[in-house]
Structures are given as C-alpha cells and as structure tokens.
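# Observations on the three-dimensional arrangement
So you can see what is in the structure, the chains are spelled out below.
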Amino acid sequence: MSLEIVNLYAFGISANISTFGATLANLFVSDRNGNQVDVVQGHQYPAAEDLMEQALKYGNFFGVTVGRVCNRIANGSFKLNSKEYTLVKNNGPNCLHGGTKGFDKRIFSILKQSSDSVTLTYTSPDGEEGFPGTLILDVTYTIVQSPGSNGAGVRIDYDARLAPDTSADLKTPVNLTNHSYFNLDPSLPTVLDTRLVFPRNRVIGIQELNENQVPSGNLLLFATAPEYDFSAPDESSAGTKLGENINAERVQRFRGYDDFYVISPVAVSASSMYKDELAKMPVIAAATCESNGVRLKMKTTCPGFQLYTGNWTSGTPSKLGSAEPTYGNYSGFCLETSFPPDAINGEKYGWTDGVVIGKGEHWRQSTVYEFDTVA
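Calculation rules
Residues numbered from 1 in each chain as written. Predicted model: local features only at pLDDT ≥ 70, side-chain atom pairs only at ≥ 80, totals over all residues. Heavy atoms only, no water. Helix = DSSP H or I, 4+ residues; strand = E, 2+ residues; numbered from the N terminus. Rg over C-alpha atoms; globule rule 2.2 N^0.38 Å. Buried < 20%, exposed > 50% of the residue type's maximum accessible area, 1.4 Å probe, protein only. Contact = heavy atoms within 4.5 Å. Areas by Shrake-Rupley, 256 points an atom, 1.4 Å probe, with all protein chains shown as cover. Pairing = 2+ DSSP bridges. Axes fitted to C-alpha atoms, helices over the stretch in contact; angles between N-to-C directions. Phe/Tyr/Trp six-rings, centres within 6.5 Å; stacked < 30°, edge-to-face > 60°. Arc of directions from axis to C-beta. Core = buried A, V, L, I, M, F, W, Y, C linked by side-chain atoms within 4.5 Å. Polar contact = N/O pair within 3.5 Å; in protein donor to acceptor, adjacent residues only side chain to side chain.

It is worth spelling out the overall build of the chain at this point. What the chain contains, in helices and strands, is 2 helices and 29 strands. Its C-alpha atoms give the chain a radius of gyration of 19 Å, near enough to 21 Å, the size a compact globule of 375 residues would have. Per-residue burial over the chain gives 59% buried out of 375 residues. A fraction of 68% describes how many contacts in the chain between residues 6 or more apart in sequence connect residues 24 or more apart. If you sum the accessible surface of the chain, you get close to 14600 Å²; carbon and sulfur atoms cover 49% of it.

This is the structure:
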C-alpha cells in the first residue's frame, strides 16, 4: 500500500496528515505578526516514504496515532477473556505504546476526505502485537474554529470497535492518543520558556508512579507535589515556565516531565457534554510562547493526559526551519490525552471499564488543539 500525505486547510490553518501512523506531520498557524509557523515537530521528509523511513529509524513517535494501547502496560501482560495475554516488553518490563509495531508504524487508508477534514482507517487483526480481537479504528482530523473566535485548531476524533464477526464474549483493550510534540516557536531550541497553565480546578493532580513509570493507584494532589503544579485562575493567566521546576529531584527521575495528569470529573463531564459545541468545551491546559505570542489551548473528552517534555529526543534530525539541525532534549512538549497508563490492569482503581470494549461497543474520544495569539 502506498503512503499518502493529505493537506487540510481552513480558518488560516494548514495541516499535513500522513497515512503512515495516521500522523499529524505539519501544523501551520499564525504568530502575532502574521507569520506562519509549523508548531509540531517531526522528521524532514520530501516524500511520504522518507517520513516512514525516519520514523522507523528514530522512533520518537512524532505526531503519530498510538495504539492499540498507548503508554505503559505493566509487566507486558494483562488478564481478559478469562486468560492472560503476554505482550512484547519494549520499555524495560513494560509494553509501551502498543508494542514493537503499534498503530504508529502501520499504514492507514483514506476513508473520506474534504478540504478541511480527513478520516483514516486501519484494521488491526486478531493477535497483532498480542492483543485479542480484530479492531477497526477510524481517526478523523478536522480543522475547526469556535464560533466568534479569532483562533482555530485541529480536532482529532477516534472511533474504535471490534469487527462485526467477533464472538459475542470477546473483549479487547483500547487506549489511543496522538503523540504530537509542540514547539510554538520552532526557531527556539527548547520549550523550557514556554508557559503552561491548568485553569483552576480542571486538573487535580498526577498519578503516583513507581520506578518503572507504572501508576501505584495513588493520586498525588498538587499540595504535596508543587513541582508538578501549573494551576492558575484561567487560561489567560501567565502560567509557569516548563523549565521552572524541571530540575526538581522527583521530576528528574525520568529526566523531565513524563507524568499522567488527572482531569477533574466535573471537567470531563462538561467536555463530553459539549464535545460538539467547541466554544463551550472547557480548556484543560493552555501553553503560551512569549517570543511570538502563539497560544495553544487543549480540550479533550479523555480523563487525563501525559505531559512529556521530550526527554529522549536528543540527536534526532529536525525539520527545516527548526533552531538546530537535530533536536535536543526538551525541544518539544506533548499533551497526550488518554486514560491512565496500565489502565487495563487497574481494575481495583476503577480504570479498566474505560479501556475495554466488547462486540458492538465503541471507544470514542475527542481532543482539540486550538491556537490563537496573545500580545
């Protein structure tokens, strides 16, 4: 199957979507001076095949769709359908981001497209990377704008379900995310001066992680973990620089931020209620670059997100227009919306129901990355 790159354009925003990994390869937005800047990191590619080659070589998950299960599955195993499933361990003792050849390394087909939207589809066969059941996944990218807003962004909708001929009693885990790395001013070598904001009471804490980055099930409130706290009164607040506490001892356990933040149940409920009314959907996190005025606002129906500061990207060849010919650590940040890591093994914490589907059920979630500018 040949690779394709689809260009989307609307409301002054342009996005390139690759069928390899259902990847957000480019996202051009305007800065405060009207200049177009590509705010997502990735590989330099004159052709779609080059994107695949570089992605396979360097493996940083730039802009890809991650699945069948994103983040970590402890000990590379889980119990479901009255049996234990064993997966590849590609991250110490864990299975990370769907295994050796997850959805990020699969070629999707174009199901439908228009000037401002494209739906890509992939069928994951039973047993692929050790997961049960044939899963059909549709990923839709759409350029969107809130009514009355000067900003615009990209919306990502996921719809995953088991194939119609699946046996009635079979279930499978699903937990998907987009792994875009953002640098709101690509002329800067790091994002350490980018200011991050969690509007008050919308993000309530982080999952406590063990040495293998697997949750214990305990929630760390920001009162006991202030180095992880980016809370502020609202999305227009100045926020805290990503680099302000990145050298704190607990943060440096994983060389920088690589932690799962939990969204308040009230905000999750409102996000689900207003997922088709973008202006009413609450902002969960906002990031601002003072050098060019670009602001990113993230909205999602998911119950949380992984904040990752690109702690292992050093030496990866960068796109044209980047500050350096290769990316360094902290050159981008991710807001990976999803259910918690190891949720499939988190039944005692009440996580499992959100990541398991049976025949006739759908795993549907939506995330919006919206952009505007500030003075």
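Here we take up the pairing of strand β27 (residues 334-338). Of all 5 residues in β27, 5 are buried; the element is thus mostly enclosed. In β27, alternate side chains face the same way, and those of C334, E336 and S338 on one face and L335 and T337 on the other are all buried. The pairing of strand β24 (residues 304-308) with β27 spans 5 bridges and is antiparallel. For F305, the partnering residue across the bridge sits in β27 and is T337.

Next up on the list: the sheet that holds strand β17 (residues 203-209). The strand order β18-β17-β21-β24-β27 describes an open sheet built from 5 strands, whose pairing is antiparallel. With one partner strand each, in any of the chains shown, β18 (215-221) and β27 form the two edges of the open sheet. Within the sheet, the average angular offset between the axes of one strand and its neighbour, ignoring direction, is 35°. Examined bridge by bridge, β17 and strand β21 (residues 258-263) share 3 bridges and lie antiparallel to one another. By the bridge assignment, I206 is partnered in β21 with Y261.

As a further point, take the side chain of N60. Examined against the element boundaries, N60 turns out to sit in the loop between α1 (48-58) and β5 (65-66). Setting aside its immediate chain neighbours within four residues, N60 contacts H179, Y181, W312, T313 and T316.

In this section: the packing of aromatic side chains. Centre distance and the angle of the planes are the two values used to describe a pair of aromatic rings. In the structure shown here, the tally under the stated rule is 21 aromatic pairs. Taken together, a centroid distance of 6.3 Å and an interplanar angle of 65° make the contact between Y158 and W363 edge-to-face. Residue Y158 is located in strand β13 (residues 152-162), and its partner W363 is located in strand β29 (residues 362-373); the two are separated by 205 residues in the primary sequence. The same class applies to Y158 and to W363, which are both buried. Ring centres of F230 and Y257 lie 5.5 Å apart, and the angle between their planes is 65°; on these two criteria the pair is classed as edge-to-face. Placement of F230 in the loop between β18 and β19 (231-232) and of Y257 in the loop between β20 (240-241) and β21 is noted, with a sequence separation of 27 residues between them. You can call F230 buried: its relative accessible area is 1%. Every member of this aromatic cluster is reached through a ring pair, and the members are F198, F222, Y228, F230, Y257, Y261 and F305.

Below, the discussion takes up helix α2 (residues 265-273). Of all the residues in α2, the buried ones are A267, V268 and S271. Down the axis of α2, the smallest arc covering the buried residues is 100°, so these residues share one side. Residues P265, V266 and M273 are exposed on α2 and point more than 90 degrees away from its buried face. Where α2 is buried, its residues contact β21 and β23 (294-300).

Our focus in this paragraph is the pairing of strand β3 (residues 23-30). With respect to burial, β3 is a largely interior element, 6 of its 8 residues being buried. Pairing of strand β2 (residues 13-18) with β3 involves 5 bridges; the strand directions are antiparallel. If you follow I17 over to β3, its bridge partner there is L24. For β3 and strand β4 (residues 36-38), the ladder comprises 3 bridges, and the chain directions are antiparallel. Among the inter-strand pairings, F28 is bridged to a residue of β4, identified as D38. Here β3 folds back onto β4, and the loop between the two strands holds 5 residues, one of which, G34, carries a positive phi near 85°.

Of all hydrophobic cores here, the largest spans 82 residues; its most connected members are L27, Y261, F305 and F371. The residues touching L27, leaving out its near neighbours within four places in the chain, are I13, S14, A15, V37, D38, V39, V40, V154 and F371. Membership of the second largest hydrophobic core comes to 5 residues, among which are Y181, Y308, Y327 and C334.

Next up on the list: the side chain of T313. Its place among the elements puts T313 in the loop between β24 and β25 (316-317). When its relative accessible area of 1% is taken as the criterion, T313 is described as buried. Of note is the side chain of T313, whose polar atom sits 3.2 Å from the backbone oxygen of G310. Not counting chain neighbours up to four residues away, the residues in contact with T313 comprise N60, F62, Y181, Y327, G328, N329, Y330 and S331.

Tracing the backbone through its elements, the reader meets P282 in the loop between α2 and β22 (285-288). Remark: the alpha-carbon pair of P282 and T300, spanning 18 residues in sequence, is separated by 8.2 Å. In this structure, P282 is in contact with R202, A267, A270, S271, M298 and K299, ignoring residues within four places of it in sequence.

Function cannot be inferred from these measures alone, as they are strictly geometric.
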